[in-house]
Amino acid sequence: MSRSSTDSGHRPLGDLRHKLFVPSDWTLEWPVGTTDTAAGTTRRAGSRLRYADIAVLAAGSGLASMIALPTLVRVVLLTVLLFFGPGAAILSWVRIPRTAVPAALPILSISVVTLMVSAAMWGYRWSPRMWTLWLCLALIGSSVLWYRKHGRPDLPEWIARTRAVVSPSSRAAAIASTKFVLTDRDTLRRNVAGLILALAFFLWLPMLPGLERATYSQFGLLTAGTGPGLVLCMVLIIAAFLIALRRNQLRTMMVAIGLAIVVQRFTVTLITSAPIYDWTYKHVAVTEFVLDMNRLAPSGVDIYSEWPSFFLVSAWFQHVTGYDTLSLAHVFAPMIHVVLAACIYGLARVMKFTERAAVTAAMLAEVINWVGQDYYSPQAWALLLAVGFLALLMSSPLTRSAAFLSIVPFAALVPTHQLTPYWLMAVTGVLLVTRRAKPWWLMIPLGVILLGYLYPRLPIVAPYGLFQGFDPVQNAASNVQEEGVLGKQITSLVCRALSGGVFGLAFVSAIYAWRTKKTFWAPMVMAFGSIMLLAGQSYGGEAIFRVYLYAIPGCVLLITPMFLALFDRQPSQDRPSRARRLTARTSVAVATAGAIGSAVLGLQAYFGLWPIVLEHRDQIDDARAVAAQSPSGTAVTMLYSSGYPARSTSDYGRLTEANDYWDVPLYALGPEYMQGFPTPEKLGQIDYNASVSETPTYMVLTRQSLEAMHYYGFVPDDAVNRFRQWLRTNSAWSVRYQDADTIVYQYRSR
């Protein structure tokens, strides 16, 4: 049998229930005297790590995070509790298909924590350390009950194993094994993919200083400093992945995914002094408000107070560990991608993909995800919950308990994000009606949760527009309509080409799956269901980005089988004619070129805005100082919001209550306002508004905002220069703060 027939994406249905369900050696103890047929050894009861053991270890980790340890150690300990503890406790009692575990374990955990901290805040019992203690005790109690029924862990066995691992002989054996691997030619020849990954990593490291010092380029980071080296590293990673894929080396494929995340996302963390994107800091401010005030901001301040769960989880985490918000936001994107890759893998396995195909789907999802919605935001958290929900939902035909468990992440998702649960509800409805998921009445509790949460908040969300008209073309329009410079046009073209290519290939793949009698309906619903959002919402000009983001899991589930069919294609062994050999080689070449091309386009789409999304720590510190020192009613105005996040501390609450528009940039006033700017009338209006205000007024010019005005083409270049000249020569405005990237003017009156 050829490899394509077994690894093209789906598994036969025969005996599937027996193979998919987690056996006793996974969730339950090993019965005394039974044999591990995989290893050929006899194990005693409790000698293998079980979910109840994981729950106890996670609870101990959570308790340790509350004692006086170094901050980073406490962060690691609480992370273990956050992503493993509650999920392990649930899975110790509830049986689900083993294939769903990679997605279900972390998502059930974060869902329980999300619901816990939300209930604590809404119940006016906000005490993060107390709730952490209660959670840890609950996990320990759950495991104790489980042990009474199924047997305690074999502590002497575990102690003996631990000692064996850390013993000098074990270390010596590991060193000897490593030396052998690095010097044996046959071993190196079999691990060419691993060598290429090592080469990519050691090429990437020395590039970091050059990336940190990269100067402005309208084409983004890839054409500045050592940026071209990132492209080379990514090409090497994809090449190594494909070699490992060809040789069925799953561990090497997983390492390649991890290194792709490092190059694409962790690079940003290492070469910047603070989180990128000005809008990140609006979310930082909400968390800071919870930390400082131990409550949510009043409803009229912003809409985040009505969908606060992400911020509450973050505040809980920071309160317990002492980790500051900016540091958490700085490492947030790589962490999200690691968990998302596990969830995509779990979803693919639930859809009957082989391990090889599921890892391929995870890699494809990583390289085509250019949207940048992975920053410190409710959307990133919501996407994890959504993919975990889908993994549990698609397990429901095999076990009803998975359907019941799926309610947990959905309930956590609803108070986390305004848009995601409605897309998910629509997709779920189609899957339930078409019987790809069960039971049909699952829509009832999901609908009650969703509409029950929305109804009391209708007066708050109505001003934002629940339905903005049936105009998919207009709703799909970007929030930036200007043509901009050549670099902006090329980056926009790359984004459209990659997105359109992914959707187009997903559509062709759906036809291929239909023709070859593979599963296609459920992935197709996931891939194209988000397009329905354009029927009635523009989401502030961001709907088209959310459509693509939500479609990624479904698209990779459709594309992966056809990609593997092309990549694995081989000429017939009976009569390998020249034409058949050429066809097979062409198929492999097309699949390889598509994978590498997608990765390169994804890099450019993600890093194309680099010069204007950077934030420097000096700028942030001064913006925070201004917010802290300014009385309510203060105004901080910029041409474009970049480089000086005025809304980044808990002070945003009182400043916004006094003036909803205290930090609105001039470009946000619309194209009509910017047309002809700066006219004498508009400059006079700026002067007048500042003169009649009884509180300070600041005008901030940053290098990033000026570059953004040029990049997007909001105004001609000479308009920015004339505005700077007006501020410089106007005696009413004096310089309050200045550095290489920032000038802050304050109105002092004439």
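Quick caveat, the model's predicted, so the values are computed rather than measured.

A count of helices and strands for the protein chain gives 35 helices and six strands. By the burial criterion, 54% of the 750 residues in the protein chain qualify as buried. Here the protein chain displays about 32,100 Å² of accessible surface, and carbon together with sulfur accounts for 63% of that area.

Of all the six residues making up strand 6 (residues 742–747), six are buried; the element is thus mostly covered by neighbouring parts of the structure. Here strand 6 shows no split at all, with Thr742, Val744 and Gln746 on one side and Ile743, Tyr745 and Tyr747 on the other all buried. Strand direction decides the pairing type here: strand 4 (residues 697–702) and strand 6, joined by five bridges, are antiparallel. By the bridge assignment, methionine 699 is partnered in strand 6 with tyrosine 745. Across five bridges, strand 5 (residues 733–738) lies against strand 6 in antiparallel orientation. Residue pairing in the sheet places valine 735 in a bridge with tyrosine 745 of strand 6.

Turning our eyes to something else, we now look at the pairing of strand 4. In terms of burial, strand 4 is a largely internal element, six of the six residues being buried. When strand 3 (residues 635–638) meets strand 4, the two strands line up parallel, connected through four bridges. When the bridges of strand 4 are listed, alanine 635 appears paired with threonine 697.

What follows concerns the packing of helix 6 (residues 101–122) against helix 19 (residues 378–394). Across the interface, helix 6 lies against helix 19 with an axial gap of 9 Å and an inter-helix angle of 125°. The angle between helix 6 and helix 19 places the two elements in the oblique class. Classified by chirality, the crossing of helix 19 by helix 6 is left-handed. From helix 6, Ala103, Ala104, Ile107, Leu108, Ile110, Ser111 and Thr114 reach across to helix 19, where they touch Trp381, Leu384, Leu385, Gly388, Ala391 and Leu392. Looking at the contact of helix 6 with helix 19, its residues break down into ten nonpolar, three polar and no charged.

Right, let's talk about the nonpolar core for a bit. Of all hydrophobic cores here, the largest spans 233 residues; its most connected members are Ile237, Trp316, Trp381, Phe723 and Trp733. Look past the residues within four positions of tryptophan 733 in its chain and what remains in contact with it is Ile686, Asp687, Ala690, Thr697, Tyr698, Met699, Trp726, Leu727, Tyr745, Gln746 and Tyr747.

Bringing a nonpolar patch on the surface into the picture now. A cluster of nonpolar side chains, contributed by Phe404, Trp440, Trp441, Ile444 and Val448, occupies part of the molecular surface with about 560 Å² of accessible area. As for its position among the elements, isoleucine 444 is in helix 22 (residues 443–454).

Time to look at the environment of methionine 674. Residue position: methionine 674 is located in helix 32 (residues 671–674). With a relative accessible area of 5%, methionine 674 lands in the buried category. A sequence separation of 41 residues divides methionine 674 from valine 715, and the C-alpha atoms of the two residues are 6.6 Å apart. Discounting residues that sit within four places of it in the chain, methionine 674 has contacts with Leu666, Tyr667, Lys682, Met709, Phe714 and Val715.

Moving on, we come to the environment of glycine 487. Mapped onto the fold, glycine 487 is located in helix 25 (residues 486–515). C-alpha of glycine 487 to C-alpha of glycine 608: the two residues are 121 residues apart in sequence and 8.0 Å apart in space. If sequence neighbours within four positions are ignored, glycine 487 has contacts with Gln218, Phe219 and Tyr711.

Attention now moves to the sheet that holds strand 4. Taken together, the four strands give an open sheet; going across it, the order is 3-4-6-5, and neighbouring strands pair in mixed fashion. Strands with a single pairing partner mark the edges of an open sheet, and in this sheet they are strand 3 and strand 5. In this sheet, adjacent strand axes meet at a mean angle of 30° when their direction is disregarded. The strands touched by helix 30 (residues 617–629) are strand 3, strand 4, strand 5 and strand 6; relative to strand 5, the strand with the most contacts, the crossing angle is about 125°. Running at roughly 135° to strand 4, helix 35 (residues 717–729) makes contact with strand 4, strand 5 and strand 6 of the sheet.

Here we come to helix 33 (residues 680–692). Along an α-helix, residues three or four positions apart point the same way, because every turn accommodates 3.6 residues. Between its terminal C-alpha atoms helix 33 stretches 18 Å, which fits the 18 Å expected from 13 residues at 1.5 Å a residue. By the burial criterion, the buried members of helix 33 are Lys682, Leu683, Ile686, Asp687 and Ala690. Along helix 33, the residues classed as buried sweep out an arc of 145° about the axis, all on the same side. Counted as exposed and oriented over 90 degrees from the buried face of helix 33: Pro680, Glu681 and Tyr688. Against helix 32, strand 4, helix 35, strand 5 and strand 6 lie the buried residues of helix 33.

Tracing the backbone through its elements, the reader meets leucine 77 in helix 5 (residues 71–91). Once the C-alpha coordinates of leucine 77 and alanine 58 are considered, the two residues, 19 residues apart in sequence, prove to be 8.0 Å apart. Apart from the residues within four sequence positions on either side, leucine 77 is in contact with Ser61, Gly62, Ala64, Ser65 and Leu69.

This brings us to the pattern of salt bridges. The tally for this structure, following the rule as stated, stands at twelve salt bridges. Among the ionic pairs, aspartate 651 bridges to arginine 654, the shortest N-O distance being 3.4 Å. With its nearest N and O atoms 3.0 Å apart, the salt bridge here joins glutamate 707 to arginine 703. Here glutamate 707 pairs with arginine 703, and both are found in helix 34 (residues 703–712), just four residues apart, close to one helical turn.

With 13 residues, helix 35 extends 19 Å between its outermost C-alpha atoms, agreeing within 8% with the 18 Å of an ideal straight helix rising 1.5 Å per residue. Within helix 35 the residues assigned to the buried category are Ala719, Val720, Phe723, Trp726 and Leu727. Along helix 35, the residues classed as buried sweep out an arc of 120° about the axis, all on the same side. Against helix 33, strand 4, helix 34, strand 5 and strand 6 lie the buried residues of helix 35.

Conventions we followed
- Residues numbered from 1 in each chain as written.
- Predicted model: local features only at pLDDT ≥ 70, side-chain atom pairs only at ≥ 80, totals over all residues.
- Heavy atoms only, no water.
- Helix = DSSP H or I, 4+ residues; strand = E, 2+ residues; numbered from the N terminus.
- Buried < 20%, exposed > 50% of the residue type's maximum accessible area, 1.4 Å probe, protein only.
- Areas by Shrake-Rupley, 256 points an atom, 1.4 Å probe, with all protein chains shown as cover.
- Pairing = 2+ DSSP bridges.
- Axes fitted to C-alpha atoms, helices over the stretch in contact; angles between N-to-C directions.
- Parallel < 35°, antiparallel > 145°, perpendicular 65-115°, else oblique.
- Left-handed = near helix turned anticlockwise from the far one by under 90°.
- Contact = heavy atoms within 4.5 Å.
- Nonpolar A, V, L, I, M, F, W, Y, C, P; charged D, E, K, R; others polar.
- Core = buried A, V, L, I, M, F, W, Y, C linked by side-chain atoms within 4.5 Å.
- Patch = residues over 30% accessible without salt bridge, like charges linked within 9 Å, V, L, I, M, F, W, Y side chains within 5 Å.
- Salt bridge = Lys/Arg side-chain N within 4 Å of Asp/Glu carboxyl O.
- Expected span 1.5 Å × (residues − 1).
- Arc of directions from axis to C-beta.

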